[in-house]
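# Structural overview
Listed below, chain by chain, are the residues.
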Number of protein chains: 2
Amino acid sequence: MDFEPAEFEHRTERAQQLMRAQGLDALFLMSEPEVRYFSGFRTLFWQSPTRPWFVIVPSSGKPIAVVPEIGAPLMQQTWLDDIRTWSSPHSDDDGISLVQSVLEHFSTVGMMMGRESQLRMPLTDFQTLRFNLTRTRFVDASPLIAALRFVKSEAEIALISAICSIACNAFDQASSLFSVGQPLRESFANFKMELLRQGAEDVPYLVGGAGQLGYGDVISPPDATPLQDGDVLMLDTGATLNGYFCDFDRNFSIGEPNDAVKRAHEILWLATEAGLAAARPGATCSEIFHAMQQVIGDGGSDNTGSSSNGNGNVGRLGHGLGIQLTETPSLIDWDHTIMEEGAVMTLEPSMAVPISDAGQNVGILVHEENIVIRDGQPQLLTRRAPRQMVNVELS
Amino acid sequence: MDFEPAEFEHRTERAQQLMRAQGLDALFLMSEPEVRYFSGFRTLFWQSPTRPWFVIVPSSGKPIAVVPEIGAPLMQQTWLDDIRTWSSPHSDDDGISLVQSVLEHFSTVGMMMGRESQLRMPLTDFQTLRFNLTRTRFVDASPLIAALRFVKSEAEIALISAICSIACNAFDQASSLFSVGQPLRESFANFKMELLRQGAEDVPYLVGGAGQLGYGDVISPPDATPLQDGDVLMLDTGATLNGYFCDFDRNFSIGEPNDAVKRAHEILWLATEAGLAAARPGATCSEIFHAMQQVIGDGGSDNTGSSSNGNGNVGRLGHGLGIQLTETPSLIDWDHTIMEEGAVMTLEPSMAVPISDAGQNVGILVHEENIVIRDGQPQLLTRRAPRQMVNVELS
């Protein structure tokens, strides 16, 4: 298992305190992050959509697992005792009657229904459950789960810190990985292999781009376009260790970058400084957002408002990080979540490259660091990017 | 884009034929495979659960995309024309009013609600949509989508074939990748890097195990246990190329394997032969299942019934393959889906290692190949595993 049983006991106790305060008799969970958070059950088998998986957290006692037989041996290695299984895939009852037999003892059942959640079971099966459980009320528990997962334990922080270090080590090899004339696809493959060599367990997320005036967007897969002299190359990675993510990028210049790109990089570096200064216990997401946004707004065009530049408005300047590549909360104007010690966040300012010639095909630049909120200054989990972009042709 | 526009036109036309036959005015889709299937929109950004994404397929004309602004540049590269965006994440309307403005023109709307599906949007947002769209009926379209995706185009088959070849090439390097004393975690890392070196785009899935009498289950992540003389080592990979998966495993012996393991490997190899002989257009999943199951049942213990051996009953002997690691249908007793030319399937017989001493900690063995159904014999997409396990210490 990735953690001692005490870690899961503590998570469960915290959940149960919140459940009692909110009048919830049980949590009914089925998505990978929540099942793993309460049980420790970690597998890549979630790639297969075939089978549903369930964990029910009662208001006292250990969580109960209701899982396909194929998962029984792994679930038996967790701290859970009550593991109920069925042969899946099933022709007409893929775990539903088994789940029902657990949930029928509870009146008010919390589920993930709100922001950033999804229903990882067939909708028809959920409707069957609702129809059969006439005395059970299903309510939204996603704010409860978000509050719980927002603050990480030191054991969780140690894992995120370790994967951040591994990715920093991989980025340090940039000059041996990237070069003029290299197809972008090859740059990505080289970097992914370097992450694994440096000790990353997996690289579920690697995106980026390259261009003379920034990149077109931040979510496209790489193509075969060769890197050119004067390009800025960005790689943004979510690598994992024991299923915990880093999520940050680095920008490199391939030869001498355009002045506008240099200027954008400087602004984003300073915006990150402002974010680091603002990220304190008690500060809200909105406050940190505005601290960064003011630097971007003062120094360049603001790409967080309209998407008129066509560059794929990111919409926020950072987010939570942990079991998932992105977690709540968001560093955005309307999110008033208050920072607490132990919260792990990304600071991710982005902007359109500020040039005067409106006819040019302007790209964007993104800068990202990972931090944990501490009493006083935040702790950087990533090694701070240099103020000036690393030139891979010179280093 | 990964395919010519004609590929997407053809998919959409086939869908619309089925929609008309079933009285559907539109399909309302939101999961990665369906969004990609109809638009060509491919990105790892789905790793982030923050934003919902929608594609609506009307009964005539091109699909309509309703996506966050961050995805607009990539969606604009697809064959779609009608792309509607909003700034996401949003405080209180994450695309819902925009989706509503599209769906309100349709009476009967198909969605993925059945087997192997999930609702990739917040349940509360879906309830809002249902509440507001009083004249719209939402019905299950998952059988329609399954029928559509079941038969692959030659362009899709070429991609699956290519990634199967890449993975075969990686497995061919086994003797330089695996050795006695090596921690299992390192064996996995070596293999993952070899897959990337051989040209895999990504390795979203790599599981396996090792042991003297088979492995404990087939979904656990690797630990630090060193490979021992006499172990059988299994790696099962879902690597990708342009987002299309292979899904097969290979077993290797580390030194001389146990006789019972050799016997199980032989039985599974013969079961696969029976599957290859049975997999013809017109045959049902159930018939192919029974052809393989009879060889397993005759030759060893049957692990597809009860899970009393505690080894994580897989429940089926193969499945569809393509955009996802596992797709419908299942090679299982109750699945009567009829094979058609162009269907891509895995043959995946598994069994408990047959030993007489009930006191021993018995593992399982799994064998897997990928095929495409053709007129007559199926075409192997994987290079057939040798009848005798490869001994990595001797080769």
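Here the residue index of a chain counts from 1 through its sequence in written order. To read the labels, note that chains go from A and ligands from 1, taken in the order they are written. Local features in a predicted model are, by the rule used here, given only for residues with pLDDT of at least 70; side-chain atom pairs are given and counted only at 80 or more, and totals for whole chains, interfaces and linings are based on all residues.

### Side note on the overall build of chain A
Quick note on the threshold: By the criteria applied, helices consist of DSSP H or I runs no shorter than four residues and strands consist of E runs no shorter than two, each listed in order from the N terminus. For this measure, only C-alpha atoms enter the radius of gyration; the expected value for a globule follows 2.2 Å times N^0.38, where N is the number of residues.
The secondary structure content of chain A amounts to 11 helices and 18 strands. Relative to the globule expectation of 21 Å for 395 residues, the C-alpha radius of gyration of chain A, 23 Å, shows essentially globular dimensions.

### Overview of the domain arrangement of chain A
All names here are of chain A. Defined as follows: The split into domains, and so the bounds of each, comes from an automatic or database assignment of domains. Here, residue contact means that the backbone-derived C-beta atoms of the two residues sit within 7 Å. Ten residues, namely Ala, Val, Leu, Ile, Met, Phe, Trp, Tyr, Cys and Pro, are considered nonpolar, four, namely Asp, Glu, Lys and Arg, are considered charged, and the remaining ones, Gly among them, are considered polar.
Assigned domains within chain A: domain 1 (5–149) and domain 2 (151–391). Listed per partner, the contact involves 9 residues of domain 1 and 8 residues of domain 2. Broken down by secondary-structure element, the contributors of at least two residues to the side of domain 1 that touches domain 2 are α2 (32–39) and α6 (142–150). The element that contributes the greatest number of residues to the side of domain 1 that touches domain 2 is α2, accounting for 3 residues. Across the side of domain 1 that touches domain 2, the residue classes break down as 3 nonpolar, no polar and 6 charged.

### A closer look at the pairing of strand β8 (residues 231–241) of chain B
All names here are of chain B. Our working definition: Here the C-beta atoms are placed from the backbone, and a residue counts as buried if at least 20 other C-beta atoms lie within 10 Å of its own, exposed if 12 or fewer do, and partly exposed otherwise. Two strands are counted as paired when DSSP detects at least two bridges linking them.
Burial within β8 is extensive, with 11 of its 11 residues counted as buried. Neither face of β8 is left uncovered, since the one carrying Asp231, Leu233, Leu235, Thr237, Ala239 and Leu241 and the one carrying Val232, Met234, Asp236, Gly238 and Thr240 both have all their residues buried. Bridging between strand β7 (residues 202–211) and β8 involves 8 bridges; their strand directions are antiparallel. Its bridge partner being in β8, Gly211 is matched across the sheet by Val232. Judged from the 7 bridges that link them, β8 and strand β10 (residues 248–254) form a sheet pairing that is antiparallel. Each bridged residue has a counterpart across the sheet, and for Val232 the counterpart in β10 is Ser253. Pairing between β8 and strand β9 (residues 244–245): 2 bridges, direction antiparallel. In the sheet register, Thr240 faces β9, and the bridge partner there is Phe245.

### Some details on helix α2 (residues 32–39) of chain B
Note on helix geometry: an α-helix contains 3.6 residues per turn, so any two residues three or four positions apart are oriented the same way. All names here are of chain B. Buried residues dominate α2, accounting for 8 of its 8 residues. Within the span of α2, buried status applies to Glu32, Pro33, Glu34, Val35, Arg36, Tyr37, Phe38 and Ser39. Phi turns positive one or two residues past the end of α2, at Gly40, with a value near 90°.

### Description of the sheet that holds strand β2 (residues 54–58) of chain A
Sheets are built from strands paired through backbone hydrogen bonds, the pairs being either parallel or antiparallel. All names here are of chain A. Selection criterion: Here an angle of 0 to 180 degrees is reported between the N-to-C directions of two axes, which are lines fitted to C-alpha atoms, with helices fitted over the stretch in contact.
If you walk across this open sheet you meet the 6 strands as β4-β3-β2-β1-β5-β6, and the pairing is mixed. Bordering the open sheet on either side are β4 (83–86) and β6 (137–140), each of which pairs with just one other strand. The mean inter-strand angle of the sheet, taken between neighbouring strand axes irrespective of direction, is 25°. In this sheet, β4 lies alongside strand β3 (residues 64–68) in parallel orientation, the contact comprising 4 bridges. Counted as the bridge partner of Pro68 is Trp86 from β4.

### Examining unusual backbone geometry
With an omega of 5°, the peptide bond running from Ser88 of chain B to Pro89 of chain B counts as cis. Of note, the bond from Thr328 of chain B into Pro329 of chain B is cis; its omega dihedral lies within 30 degrees of zero at 0°. Checked against the element boundaries, Pro329 of chain B lands in strand β12 (residues 327–330). Backbone geometry places Glu116 of chain A, a non-glycine residue, at a positive phi of 65°. Here Glu116 of chain A shows up in the loop between β5 (108–111) and α5 (123–132). Look at Asn242 of chain B: it is not a glycine, yet its phi comes out positive at around 45°.

### Re the relation of the copies chain A and chain B
So the rule is basically this: Least squares is used to superpose the copies, and the fit set is the C-alpha atoms of residues whose pLDDT is at least 70 in both copies.
Screw-axis analysis of chain A against chain B gives a translation of 0.0 Å along the axis, an RMSD of 0.0 Å, and a rotation angle of 180°. Overall, the copies show the geometry of a two-fold rotation axis. Using C-alpha coordinates, one finds that chain A approaches the rotation axis most closely at Leu119 of chain A, a distance of 2.5 Å. A high fraction, 100%, of the interface residues of chain A reappear at the interface in chain B, so the copies pair face to face through one surface.

### A closer look at the sheet that holds strand β6 (residues 137–140) of chain B
All names here are of chain B. A sheet is described by the order of its strands in space; here 6 strands give the open sequence β4-β3-β2-β1-β5-β6, paired in mixed fashion. Looking at which strands have only one partner, the edges of the open sheet turn out to be β4 (83–86) and β6. Pairs of neighbouring strands in the sheet enclose a mean axial angle of 25°, with direction left out of account.

### Some thoughts on the environment of Gly23 of chain A
Tracing the backbone through its elements, the reader meets Gly23 of chain A in the loop between α1 (5–22) and β1 (26–29). Between the C-alpha atom of Gly23 of chain A and that of Ser59 of chain A, which follows or precedes it by 36 residues, the distance is 9.3 Å.

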